[in-house]
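Residue-level listing of the chains:
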Amino acid sequence: MKRKLIIMLAAAAIVTTACADFLDSDPNAGFDRDQADNPEGFVTAAYAALSNNRSMAMWAWGDVRADDAYKGGGGITDGYTEHCFETSSNIRTDFGELDGYWFAMYSAISRVNSALKALHEVDEADFPLKTVRMAEMRFLRGHFHFLLKIMFKHVPYIDEFLPDEDYNTLSNVELTNDELWAKIAEDFLFAVENLPERHMNNNNQHEVGRVNKFAAAAYYAKTMLYKAYRQDEKHNVTAVDIADLNRVVDYCDLVIGSGYGLESDFAYNFLPGSYQNGIESLFAIQFSIDDGTMFGRLNFADMLSVPQGIGCCDFHKPSQNLVNSYKTASGLPMFDTFDDVEYVLENDTADPRLFSTVAIPGLPYKYNENLIYAASWNRDPELYSVYASLKENVDPSCDCFVNMSPYYANSMNKILLRYADVLLFKAEALIELGRHGEALPLINRVRSRARSSANGMVNYANHNMPMDVAEYIDGVNCTWNRDFAREALRWERRLEFAMENSRFFDLVRWGIAAEVINGYYDSESARRSYYQGMKFEKNKNEYLPVPLNQISYSKGSYKQNYGF
């Protein structure tokens, strides 16, 4: 990629506002090298890149490509590119969405590297926070490269030391798959080793929004977990590395020993106002309202998921398969039979997390007893059924719900890493290490919290909602061997993080994407006719193609992914 193509967007953007405490004032810097004596402005600009719409709008990549969600909207041609992702069909290298995502990510990385260059030029005696700010920037650079990696697999790693003249000849396969994961992990490890547990300002107040040591440890563990599953050039998982898994366990333990924990109610993670930046939120994109701009610093990336009955445009809709997966028998998931019969609200016992994840006709929308979600709120129920995604949406009576006619955005933070992630990262690593007995209490902690969430937000008894979720008890309701533990872990990740944009990437990491998604197409084709004849092509569809424009810009230095 040419340097000018990476820099152009970043150079044009001067950050004027942000919502975290440390971003409350207007920065006094753009990207003028003469302003390198003010590195905080560069740091602020790099943080602002987190809220880029393209980098945040992961629902099409992480949910719709998997078995969790339908595209939604007003028919197949309304967002046709997303329809192609949903059906694993006609995915082309010239899709503008892919090129735009690649460009946005490298623009963000450019901001980070500009900040790091500025920080290198200041003396720590004059700027005591130099190393801390560098660690924050290394975290953000790791984050943006991570997103590129799980999307495209083979991408160039760019740091602040890359000479300008090398941009035109940069290769996306200079590093092997394992080496690229290692470079991303190095950024997070530097952050772990140099970030404080909490950021405090000059008034001894906690600076909300800055990444800290525990967020970095969680992201490092996540990166090492992905790295542990070795893949060949055709994306087959060929081995799981023991050393990497042990690193996952160690760094999860660092977070587990911190002051973070699970919220008492699952729902609290997806509510605005005083619920934000709670005990479970390790890394979240910060949003705000009434900041002097036209609309505020809002989440525009998820605004298309608002149901048609209260806004626009009814995209990102939970699949029937996902809803069925929450059914329980004696409190446990129905692994083999969950999708045999569709979930019926009045008849089927369900895991309580269903009702914080999926809007179901006849139930309060976002816990508001005066606002009952109706089937008529759906744009195309014949094609996409009658459910809506809840986690990223807010109660429309909240002042955080902003009319941008015809669209509606909101100012609720978007959590990217939760404490529940860490518990399940560790559990997964332990299971793959053959220490599945140690994983059992970790998974049960997540399930216990789900059970305690059953009556937290509304009086569910008024709505005839049978709920039950039980812990696994070896020798009583299950046989906790390694195979069962692996299945339970993978099921738990689906229930806990449904519609949070991670499902597809989990399936690819485990090496089971083709098996699961083709099974999903087979079962769902009886419900959604447009799935008939669709097929996820193994050794191809695990990753998206390197955008054609980027290959052209690189003068052929970039190599296309296998299968495209």
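Residues numbered from 1 in each chain as written. Predicted model: local features only at pLDDT ≥ 70, side-chain atom pairs only at ≥ 80, totals over all residues. Heavy atoms only, no water.

Peer 1: Help me out: how do you make sense of the packing of aromatic side chains in this one?
Peer 2: Each aromatic ring pair is summarised here by two numbers: the centre-to-centre distance and the angle between the ring planes. Under the counting rule described, the total for this entry stands at 39 aromatic pairs. Consider the rings of Trp 181 and Tyr 226, whose centres lie 5.7 Å apart with planes at 45 degrees: the pair is tilted. Here Trp 181, found in helix H8 (residues 177-194), pairs with Tyr 226, found in helix H9 (residues 213-228); they are 45 residues apart in sequence, far enough to count as distant. A residue is classified by how much of its surface remains accessible, and Trp 181, at 6% relative accessible area, is buried. Cluster of aromatic residues (ring-pair linked, three or more members): Trp 61, Phe 85, Phe 95, Tyr 101, Trp 102, Tyr 106, Phe 152 and Tyr 558. The ring centre of Tyr 226 lies 4.6 Å from the NZ or CZ of Arg 509, which sits over that ring. Seen from the ring of Phe 564, Lys 540 lies directly overhead, with NZ or CZ sitting 4.9 Å from the centre. (Phe/Tyr/Trp six-rings, centres within 6.5 Å; stacked < 30°, edge-to-face > 60°. Helix = DSSP H or I, 4+ residues; strand = E, 2+ residues; numbered from the N terminus. Buried < 20%, exposed > 50% of the residue type's maximum accessible area, 1.4 Å probe, protein only. Lys NZ or Arg CZ within 6 Å of the ring centre and 35° of its normal.)

Peer 1: Explanation requested: the pairing of strand S3 (residues 237-240) in the structure shown.
Peer 2: Regular strands have side chains that alternate between both faces of the sheet. As judged from the 3 bridges shared by strand S2 (residues 229-231) and S3, these two strands associate in the antiparallel manner. Bridge pairing in S3 links Arg 230 to Ala 239. Counted between consecutive antiparallel strands, the loop separating S2 from S3 contains 5 residues, among which His 235 sits at a positive phi close to 75 degrees. (Pairing = 2+ DSSP bridges.)

Peer 1: Teacher, can you tell me more about the side chain of Ser 171 here?
Peer 2: Tracing the sequence through the fold places Ser 171 in the loop between helix H7 (130-152) and H8. Reaching out from Ser 171, the side chain makes a polar contact with the backbone nitrogen of Val 173 at a distance of 3.0 Å. A polar side-chain atom of Ser 171 sits 3.3 Å from the main-chain amide nitrogen of Glu 174. Apart from residues no more than four positions distant in its own chain, Ser 171 is found in contact with Pro 156, Ser 557 and Tyr 558. (Polar contact = N/O pair within 3.5 Å; in protein donor to acceptor, adjacent residues only side chain to side chain. Contact = heavy atoms within 4.5 Å.)

Peer 1: What am I meant to see in H7 here?
Peer 2: Along an α-helix, a turn takes 3.6 residues, which lines up residues three or four apart on a common side. Counted at 1.5 Å a residue, the expected span for H7 with its 23 residues is 33 Å, and the 33 Å between its end C-alpha atoms agrees. Within H7, 22 of the 23 residues are buried, leaving the element largely enclosed by the surrounding structure. Among the residues trailing H7, Lys 153 stands out with phi positive, at a value near 70 degrees. (Expected span 1.5 Å × (residues − 1).)

Peer 1: Where do I start with the environment of Ala 420 in this structure?
Peer 2: Its place among the elements puts Ala 420 in helix H14 (residues 419-432). Exposure remark for Ala 420: the relative accessible area of 0% places this residue in the buried category.

Peer 1: Got a minute to help me understand the state of the cysteines in this structure?
Peer 2: Under the definition given, this model contains 2 disulfides. With its sulfur 1.7 Å from that of its partner, Cys 312 forms a disulfide with Cys 313. The sign of the S-S torsion, about 75 degrees, decides the handedness of the disulfide formed by Cys 312 and Cys 313: right-handed. Taking the relative accessible area as the measure of exposure, Cys 312 reaches 10% and is therefore buried. With a relative accessible area of 6%, Cys 313 lands in the buried category. Bridging Cys 398 to Cys 400, the disulfide has an S-S length of 2.2 Å. As the torsion about the S-S bond is roughly 130 degrees, the Cys 398-Cys 400 disulfide counts as right-handed. (Disulfide = S-S within 2.5 Å.)

Peer 1: What am I meant to see in empty space enclosed by the protein here?
Peer 2: If a probe the size of a water molecule is rolled over the atoms, the empty space left behind becomes visible. By the definition in use, this model includes 7 cavities of 30 Å³ or more. Looking at the largest cavity, its volume works out to about 560 Å³. Lining the largest cavity are 37 residues; nearest its centre among them are Lys 414, Ile 415, Leu 416, Glu 500 and Asn 501. Breaking the lining of the largest cavity down by element, the ones donating at least two residues are helix H3 (53-56), H7, H9, strand S14 (414-418), helix H16 (482-497) and helix H17 (503-510). Taken together, the residues of the lining of the largest cavity sort by class into 18 nonpolar, 8 polar and 11 charged. (1 Å grid on protein atoms, 1.4 Å probe; cavity = no way out; pocket = protein on both sides within 12 Å on 5 of 7 lines; lining within 4 Å. Points joined across faces, edges and corners; volume = space filled by probe spheres on them. Nonpolar A, V, L, I, M, F, W, Y, C, P; charged D, E, K, R; others polar.)

Peer 1: Is there a simple way to think about the pattern of salt bridges in this case?
Peer 2: One side chain can pair with another of opposite charge once the charged atoms of both are near each other. Evaluated as defined, the whole model comprises 42 salt bridges. One salt bridge connects Asp 187 with Arg 141, and the closest N-O pair in it is separated by 3.0 Å. Pair noted here: Asp 187 is in helix H8 and Arg 141 is in helix H7, with a separation of 46 residues, a long-range link. The buried category is assigned to Arg 141, whose relative accessible area is 2%. Ionic contacts of the salt-bridge type, sharing partners, join the residues Glu 280, Asp 351, Arg 353, Lys 391, Arg 418, Arg 447, Arg 449, Glu 492, Glu 496 and Glu 500 into one network. (Salt bridge = Lys/Arg side-chain N within 4 Å of Asp/Glu carboxyl O.)

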